[in-house]
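# Observations on the three-dimensional arrangement
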Amino acid sequence: MEKAVLLIVVLLAFSDQIIAQKSPEPDSLYQEIIQKYKLEFEKIDRDNRSLTDSVGALRALEFEELYNKYPESESGKKGLVVAFKSWLNVDSLGIMGVYINNISPNSDLWGDLIPWYNFALMNSGAEPDTFYNYLKSILKTESVKNSNNLSYIFSELGSLEMIINSDTLEARKYFEKVIEINTDSFEVEAAKRDLYDLNKLQIGNQLPSFRAKDVVGNVIDTQDFEGKYILIEFWATWCGPCIPEIPYLKKAYDDFGYREDFKIIGVSLDTDRMQLKEFLEENEIKWTQIMDEGGSGKWSGKLGTLFAVGNGIPKTFLIDKEGKIIATELRKERLNEILSQHLE
């Protein structure tokens, strides 16, 4: 009897060992999914957006399953980040919200996911106060100890204070908190830049001077702005939040573009000139456009650097006839309300 029991124990241990050997580790599963979809993407036309999104959605599903099976593993967490990136293009804001709300803002994973959730909100056309209210609620209901995540929250709230409320004082407080935390992170550098932005580009200051060529070769020089109201908008064809602003800019152009003392200048962060020109033609955008060049990437053009655009567009500046900044962050209906106040 004892021998039989011992034999059963040995067999069970052996079978467990076999199962363990056959069960792939999360690291190998992660690599398998990466390689599988690398091959899938190579097979398809990457210009076919719907097909690319479909393959991306399938990849996201497998990475989501990997995370749900191994939520504490680094590969499972990396998989969920990849899934979030894929979900940007397949209208999966709801499922992203479920994960964001169930992952602690004190975890590094929350910090890796939250920027992608923010991008998804912007791409969905959600108002900026949606993310603003979410971050404020996090500070009220959670004791956030993760310094990197706290830096991100304060940095975003500072930027959103400018966009939603045009409140430079409150924005400054948030940016100063980021610097106080001093995580040596991207947010610290961004906060320093934003504080510089507030000082240099705040309402009442003189417009920084520049000289550039528009997309058809005409020279645009700030010296020629004297006696005119100038609306400058930084944007890009690939920027989700920028596209919904186009109808409001068109209305501004239709209402005031005929005036000799008013001019709209778009500064595009696109890097493909032909693609930009095609977009302008297809969308009947008639006002002056400059493609920001001179940098090493889409955020580092000469004008974007001069105007401290950082990684936040659309960004607008309204300049008066004396060359002073009189309004910023003009979105949607507010754009035409402010223009009417000054031009009618």
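Cut-offs used in this document
Residues numbered from 1 in each chain as written. Predicted model: local features only at pLDDT ≥ 70, side-chain atom pairs only at ≥ 80, totals over all residues. Heavy atoms only, no water. Pairing = 2+ DSSP bridges. Helix = DSSP H or I, 4+ residues; strand = E, 2+ residues; numbered from the N terminus. Axes fitted to C-alpha atoms, helices over the stretch in contact; angles between N-to-C directions. Core = buried A, V, L, I, M, F, W, Y, C linked by side-chain atoms within 4.5 Å. Buried < 20%, exposed > 50% of the residue type's maximum accessible area, 1.4 Å probe, protein only. Contact = heavy atoms within 4.5 Å. Polar contact = N/O pair within 3.5 Å; in protein donor to acceptor, adjacent residues only side chain to side chain. Phe/Tyr/Trp six-rings, centres within 6.5 Å; stacked < 30°, edge-to-face > 60°. Lys NZ or Arg CZ within 6 Å of the ring centre and 35° of its normal.

Strand order in the open sheet formed by 5 strands is E5-E4-E3-E6-E7, and the pairing between neighbours is mixed. Where the open sheet ends on each side, the last strands, each with one partner, are strand E5 (288-291) and strand E7 (325-328). On average, adjacent strands in this sheet sit at an angle of 20° to one another, irrespective of strand direction. Relative to strand E4 (residues 262-268), strand E3 (residues 229-235) runs parallel, the two sharing 7 bridges.

This paragraph deals with the nonpolar core. Membership of the largest hydrophobic core comes to 50 residues, with the highest contact counts inside it found for Leu80, Phe84 and Phe131. The contacts of Leu80, once residues within four sequence positions are left out, are Phe63, Tyr67, Trp87, Tyr99, Ile103, Leu109 and Leu113. Grouped together as the second largest cluster of nonpolar side chains are 47 residues, Ile230, Val267, Ala308 and Leu335 included.

Moving on, we come to unusual backbone geometry. Located in the positive-phi region is Glu329, a residue other than glycine, with phi close to 50°. The residue Lys332 is not glycine, and still its phi comes out positive at about 45°. Mapped onto the elements of the fold, Lys332 is located in helix H14 (residues 332-343).

A few words now on the side chain of Asp261. The topology assignment puts Asp261 in the loop between helix H11 (246-256) and E4. At 3.3 Å, the side chain of Asp261 and the side chain of Lys321 are in polar contact. Non-local contacts of Asp261, meaning those with residues more than four positions away in its chain, are made with Gly227, Lys228, Tyr229 and Lys321.

Here the structure, examined in full by the defined rule, presents 16 aromatic pairs. A centroid spacing of 5.6 Å and a plane angle of 75° characterise the contact between Trp116 and Phe119, whose relative ring orientation is edge-to-face. A residue pair is termed a helical-turn pair when its members lie 3 or 4 positions apart in one helix, as Trp116 and Phe119 do in helix H6 (residues 108-123) at 3 residues. A network of ring pairs unites the aromatic residues Phe210, Phe225, Phe234, Phe307 and Phe317 as a single cluster. Over the face of the ring belonging to Tyr30 we find Lys78, whose NZ or CZ atom lies 4.5 Å from the ring centre.

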